[in-house]
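Examining the three-dimensional arrangement
Here are the chains, one letter per residue:
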Amino acid sequence: MEAKILTFVQAQWPLLLAAVALVIMIFKGPLTRKAAGISEVDPKTAVQLINHEEAVVIDVREQNEWAKGHLPGARHIPLGDLSKYMKDLEKHRGHHVICQCASGMRSARAAASLKKAGFDKIYSLKGGISAWRSAGLPVEK
């Protein structure tokens with residue numbers, strides 16, 4: 001039995017390596033966010049935070065993405081420019097802050113940067129604006 005497994009592994013190592021890499025890619029994002037203390041919120045929870053906790057929404061997408069539509073009342077700060085706006089964002093330090101992008105990857109990086117800068121009520125919108133639109137929530141242009 002062990003010989004068969006060893007033969008299989010030797011013959012199929014590229015496929016096994018690709019499978020391991022795929023598993024790592026799938027779980028890397030959620031594990032990294034969890035380790036950084038970043039919470040993800042779904043669109044429904046984001047609406048509750050916006051309506052009841054006066055959460056600030058920061059859209060970290062690029063200008064061309066922003067122009068196609070964004071969450072109502074969101075503030076546009078592309079991820080690459082976030083450090084330039086850190087001093088201006090200080091006034092929101094005690095507020096809930098929701099970072100948002102197209103799918104949730106860039107917003108998680110932005111949330112991690114804000115967390116590192118001392119913000120403690122930081123969230124990443126799970127699924128980004130795609131999930132927001134899928135939930136039938138409004139966007140503005």
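Whatever comes next refers back to the structure up there.
Described in the following lines is the structure provided in the data block. The structure displayed is predicted, hence computed values, not measured ones. All residue numbers here refer to positions counted from 1 along the written sequence of the relevant chain. At least 70 in pLDDT is required for a residue's local features to be given in this predicted model, at least 80 for side-chain atom pairs to be given and counted, and no such filter applies to totals for whole chains, interfaces and linings, which use all residues. Think of the side-chain values as coming from all heavy atoms in the structure, minus any hydrogens and water.

Residue exposure (1.4 Å probe, protein chains only): buried if accessible area is under 20% of the type maximum, exposed if over 50%, otherwise partly exposed. Elements are defined by DSSP. Helices are runs of H or I of four residues or more, strands are runs of E of two residues or more, and each kind is numbered from the N terminus. Side-chain alternation along strand β4 (residues 97-100) places Val97 and Cys99 on one buried face and Ile98 and Gln100 on a second face that is also buried. Strand direction decides the pairing type here: strand β2 (residues 56-59) and β4, joined by four bridges, are parallel. Residue pairing in the sheet places Asp59 in a bridge with Gln100 of β4. When DSSP finds two or more bridges between a pair of strands, those strands are recorded as paired. Judged from the three bridges that link them, β4 and strand β5 (residues 122-125) form a sheet pairing that is parallel. In the sheet register, Ile98 faces β5, and the bridge partner there is Tyr123.

Here we come to helix α6 (residues 105-116). For a helix, the expected span equals 1.5 Å multiplied by the residue count minus one. With twelve residues, α6 should cover 16 Å at 1.5 Å per step; its first-to-last C-alpha distance of 17 Å lies within 8% of that length. For α6, the complete set of buried residues consists of Ser107, Ala108, Ala110, Ala111 and Leu114. Burial along α6 is one-sided: seen end-on, the buried residues are contained in an arc of 160°. α6 presents Met105, Arg109 and Lys116 as exposed residues on the side facing more than 90 degrees away from its buried surface. With its phi angle positive at about 105°, Gly118 sits one or two positions after the end of α6. The arc in question is the one traced by the directions running from the helix axis out to the C-beta atoms.

By the secondary structure assignment, Gln100 is in strand β4. On the basis of relative accessibility, which here comes to 0%, the residue Gln100 falls in the buried class. Whether two residues are in contact is decided by their heavy atoms: any pair within 4.5 Å suffices. In this structure Gln100 touches Val57, Ile58, Asp59, Val60, Arg61, Leu71, Ser107, Leu125 and Ile129, once residues within four positions along its chain are discounted.

Okay, the sheet that holds β4 next. The strands making up a sheet associate through hydrogen bonds between their backbones, and the pairing can be parallel or antiparallel. Spatial strand order, β1-β5-β4-β2-β3: five strands in an open sheet with parallel pairing. Two strands bound the open sheet, and with one partner strand each, they are β1 (39-41) and β3 (75-76). With three bridges joining them, β1 and β5 adopt parallel strand pairing. If you follow Glu40 over to β5, its bridge partner there is Ser124. Interaxial angles span 0 to 180 degrees and are taken between N-to-C directions of axes, which are lines fitted to C-alpha atoms, for helices over the stretch in contact. Lying on the sheet, helix α3 (residues 43-53) is in contact with β1, β2, β4 and β5; it crosses β1 at an angle near 95°. Packing against the sheet, α6 makes contact with β2, β4 and β5, and its axis sits at approximately 175° to β5.

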